[in-house]
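One-letter residues, chain by chain:
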Amino acid sequence: MHKVPRAPLVGALAFLLALPRAMAVAQDIGPTIDLRPGQEVTFPVTIADGKVTPGAARASKPGAAPPNEGEITVGFVKQGLSPYAMLVATEKTSAPVDFIAAGLIGNIKIDEVKLCGRLEAPSSTRIASGSWRISLSRFSVGEGLQACR
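Predicted model only: the values in this text are computed from it and were never measured.

Let's talk about the nonpolar core
Counting 21 residues, the largest nonpolar core has Phe43, Val74, Leu87, Phe99, Ile134, Leu136 and Phe139 as the members making the most contacts within it. Breaking this core down by element, the ones donating at least two residues are β1 (33-35), β2 (39-48), β5 (71-78), β6 (84-92), β7 (97-105), β8 (108-115) and β10 (133-141). Setting aside anything within four residues of it in sequence, one finds Ile134 in contact with Ile33, Asp34, Leu35, Phe76, Leu87, Ala101, Ala102, Gly103 and Ile127.

Here you go:
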């Protein structure tokens, strides 16, 4: 009978037991805001000590609810049969706010893009149009469009 050394097995077992905990810590993305195709969300943001905290979002049809002072509006609009949809963000905040938009089908991520904050005009990017919902997260104070790219 062949004996298997114990040390590598114990090490591998310890690694496998620690893996779910490490993955849970690595996936802490802070507060999230969800929107669906053909929908727009407007939410307040608080910028303090270099950190951005989003508030509760209110949903509307695209173009129906422009942001007030201290708010961001994000719309998710499909473009016909194109494999991509447009994400458009309009900010009326004290500083530009960057964030990540993840396109999801159920809980499976199919696309992820960074939206760079702009105060003088709406910012936009393309995301996979097959997404059932978009999750906005990892909000941060932006350094301007050029630094974001």
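Moving on from the coordinates now.
Observations concerning the sheet that holds β8
Judged by pairing direction, the sheet is antiparallel, and its 4 strands sit side by side in the order β1-β10-β7-β8 without closing on themselves. Every other strand in the sheet has two partners, leaving β1 and β8 as the edge strands with one partner each. For this sheet, the mean angle separating the axes of adjacent strands, direction not counted, is 25°. As defined by bridge partners, β7 adjoins β8 across 7 bridges and the pair is classed as antiparallel. Note on β8: the bridge partner recorded for Ala102 is Glu112.

Focus: the confidence of the model for the protein chain
Summary statistics for the protein chain give a mean pLDDT of 83 and a share of 77% for residues scoring 70 or more. In the predicted structure, residues 21-25 sits below a pLDDT of 50 and forms 0 contacts with residues beyond four places in sequence or in another chain.

Structural notes on the packing of aromatic side chains
Here a ring pair, both rings aromatic, is described through the centre-centre distance and the interplanar angle of the planes. One pass over the structure, following the stated rule, counts 2 aromatic pairs. Their ring planes at 70° and their centres at 5.7 Å tell us that Phe43 and Phe139 sit as a pair that is edge-to-face. Linking Phe43 in strand β2 with Phe139 in strand β10, this pair joins segments that are 96 residues apart in sequence. Classification of Phe43 as buried rests on a relative accessible area of 0%. On the basis of an interplanar angle of 35° and a centroid distance of 5.4 Å, the ring pair of Phe99 and Phe139 is categorised as tilted. Placement of Phe99 in strand β7 and of Phe139 in strand β10 is noted, with a sequence separation of 40 residues between them. Feature note: the residues Phe43, Phe99 and Phe139 constitute an aromatic cluster, connected by ring pairs. In this arrangement the basic side chain of Arg126 is found over the ring face of Tyr84, its NZ or CZ atom lying 4.0 Å from the centre.

Cut-offs used in this document
Residues numbered from 1 in each chain as written. Predicted model: local features only at pLDDT ≥ 70, side-chain atom pairs only at ≥ 80, totals over all residues. Heavy atoms only, no water. Core = buried A, V, L, I, M, F, W, Y, C linked by side-chain atoms within 4.5 Å. Buried < 20%, exposed > 50% of the residue type's maximum accessible area, 1.4 Å probe, protein only. Helix = DSSP H or I, 4+ residues; strand = E, 2+ residues; numbered from the N terminus. Contact = heavy atoms within 4.5 Å. Pairing = 2+ DSSP bridges. Axes fitted to C-alpha atoms, helices over the stretch in contact; angles between N-to-C directions. pLDDT = per-residue confidence, 0-100. Phe/Tyr/Trp six-rings, centres within 6.5 Å; stacked < 30°, edge-to-face > 60°. Lys NZ or Arg CZ within 6 Å of the ring centre and 35° of its normal.

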